[in-house]
Amino acid sequence: MTLQMRALGVHLLTATGAVFAMLAMLAAVEAEWDLMFLWLVVAFFVDGIDGPLARKYDVKTNAPEFDGVLLDLIIDYLTYVFIPAFALFASGLMAGWTGWVAIILITFASAMYFADTRMKTKDNSFSGFPGCWNMVVLVIFALEPTFWASLALVTVLAVGMFLPVKFIHPVRTERWRWFSLPMALAWTFFAGWAAWVDFHPESWAHWGLVITSLYLLFAGIAQQLFPQR
C-alpha cells in the first residue's frame, strides 16, 4: 500500500465519525441514551487515533485533496456538541427553561469556539474549555445531579471556553502525557462501561468517570499554576 493510499485511508477513518454521529442521533431520537452514548464513545475513540495517524502519514502532503482539519471539526461539532446538547434537552435532565438555556449556551458558544483560530496553545493544549460536551453530558447522565447543578456546570464551562485557562490535549500535550493518555483511555473505558449498563447508579464505572474527568478537567490548570522550569 502506497503512502498516498494510507493517507487517504486516514481521511476515510475520520469520516466514519459522521456515520457514528448519525447512529448516535437515531438512538437519541428514540431516547435510547445508552446506545447513543456507546456510539459517541466509538466516535470519541476514532477521534483520538486519527490525529496521530494523520501526522504519521502526513496527510497534508500525501492526501491534500481533502482538508482533514475541516473534516475533523465538522464531525467534532456533531459528536462533541450537537448530539450531546440534544440529549441533555430531550432527556428531561434539565427541565423547563434551564434546558433551553443549556442548549443555547452549548451550541452557540461551541460554534464560536470551533471557529476561533486561537484555540490552541504553543504546547498543543487548548486555550479555554475545548467544547467536549459529550464528556460533560455523559457524566451528567451517569451522576444525575440537580438541574441547578447541571445549569451551573454548563454555564461555567461555556464561559470557560473564552477564558485564558489551559486544558490539556491527552495525545498532543507532551507534559504529563505518560499519565494523561492512560487517563483518557480509562475515561473512554469507564464511559463505555457506564453506557453499557444503562448508567446503573451502583456501577463502579461512575467512580472511574469522576476520577478521570476531574484529572482531564484540571490537569491543564495545574500545569499553568506550576509551569515547567
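Described below are features of the structure shown in this document. (Residues numbered from 1 in each chain as written. Predicted model: local features only at pLDDT ≥ 70, side-chain atom pairs only at ≥ 80, totals over all residues. Heavy atoms only, no water.)

One can describe the packing of helix H8 (residues 177-196) onto helix H9 (residues 205-225) by two numbers: an axis separation of 9 Å at closest approach and a directional angle of 145°. The interaxial crossing formed by H8 with H9 has left-handed handedness. Facing Phe-179, Ser-180, Met-183, Ala-184, Ala-186, Trp-187, Phe-190, Ala-191, Trp-193 and Ala-194 of H8, the residues of H9 in contact are Ala-205, His-206, Gly-208, Leu-209, Ile-211, Thr-212, Ser-213, Tyr-215 and Leu-216. Grouping the constituent residues of the contact of H8 with H9 by class yields 14 nonpolar, 5 polar and no charged. (Axes fitted to C-alpha atoms, helices over the stretch in contact; angles between N-to-C directions. Helix = DSSP H or I, 4+ residues; strand = E, 2+ residues; numbered from the N terminus. Left-handed = near helix turned anticlockwise from the far one by under 90°. Contact = heavy atoms within 4.5 Å. Nonpolar A, V, L, I, M, F, W, Y, C, P; charged D, E, K, R; others polar.)

So, about the side chain of Thr-188. Within the secondary structure layout, Thr-188 lies in helix H8. When sequence neighbours within four positions are dropped, the list of residues in contact with Thr-188 reads Val-41 and Phe-44.

A full pass over the atoms with the stated rule returns 20 aromatic pairs. Summarising the aromatic geometry, the rings of Phe-37 and Phe-199 are spaced 5.5 Å apart at their centres and angled 85° between planes, so their arrangement reads as edge-to-face. Of this pair, Phe-37 sits in helix H2 (residues 33-56) while Phe-199 sits in the loop between H8 and H9, and the two are 162 residues apart along the sequence. In this structure an aromatic cluster arises from ring pairing among Trp-33, Phe-37, Phe-141 and Phe-199. (Phe/Tyr/Trp six-rings, centres within 6.5 Å; stacked < 30°, edge-to-face > 60°.)

So, on to a nonpolar patch on the surface. The grouping of Trp-100, Ile-104, Phe-108, Met-112 and Phe-162 at the surface amounts to a nonpolar patch, some 600 Å² of accessible area in total. Its location among the elements puts Phe-162 in the loop between helix H7 (147-160) and strand S2 (166-167). Exposure remark for Phe-162: the relative accessible area of 42% places this residue in the partly exposed category. (Patch = residues over 30% accessible without salt bridge, like charges linked within 9 Å, V, L, I, M, F, W, Y side chains within 5 Å. Areas by Shrake-Rupley, 256 points an atom, 1.4 Å probe, with all protein chains shown as cover. Salt bridge = Lys/Arg side-chain N within 4 Å of Asp/Glu carboxyl O. Buried < 20%, exposed > 50% of the residue type's maximum accessible area, 1.4 Å probe, protein only.)

With that settled, consider the environment of Ala-95. You can see Ala-95 is positioned in the loop between helix H4 (68-90) and helix H5 (97-114). A residue is classified by how much of its surface remains accessible, and Ala-95, at 41% relative accessible area, is partly exposed. Linking Ala-95 and Gly-51, residues 44 residues apart in sequence, is a C-alpha distance of 37 Å.

With that out of the way, let us pick up the nonpolar core. Counting residues in each nonpolar core, the largest one holds 56 residues, and the members touching the most others are Met-36, Phe-37, Trp-133 and Trp-187. Where this core is concerned, the elements lending two or more residues are helix H1 (3-29), H2, H4, H5, helix H6 (133-143), H7, H8 and H9. Top element by residues in this core is H6. It accounts for 9 residues. Aside from chain neighbours lying at most four places away, what touches Phe-37 is Asn-134, Val-137, Leu-138, Phe-141, Ala-195 and Phe-199. Among the nonpolar cores identified, the runner-up in size contains 6 residues, and Ala-7, Val-10, Ala-54 and Tyr-57 belong to it. (Core = buried A, V, L, I, M, F, W, Y, C linked by side-chain atoms within 4.5 Å.)

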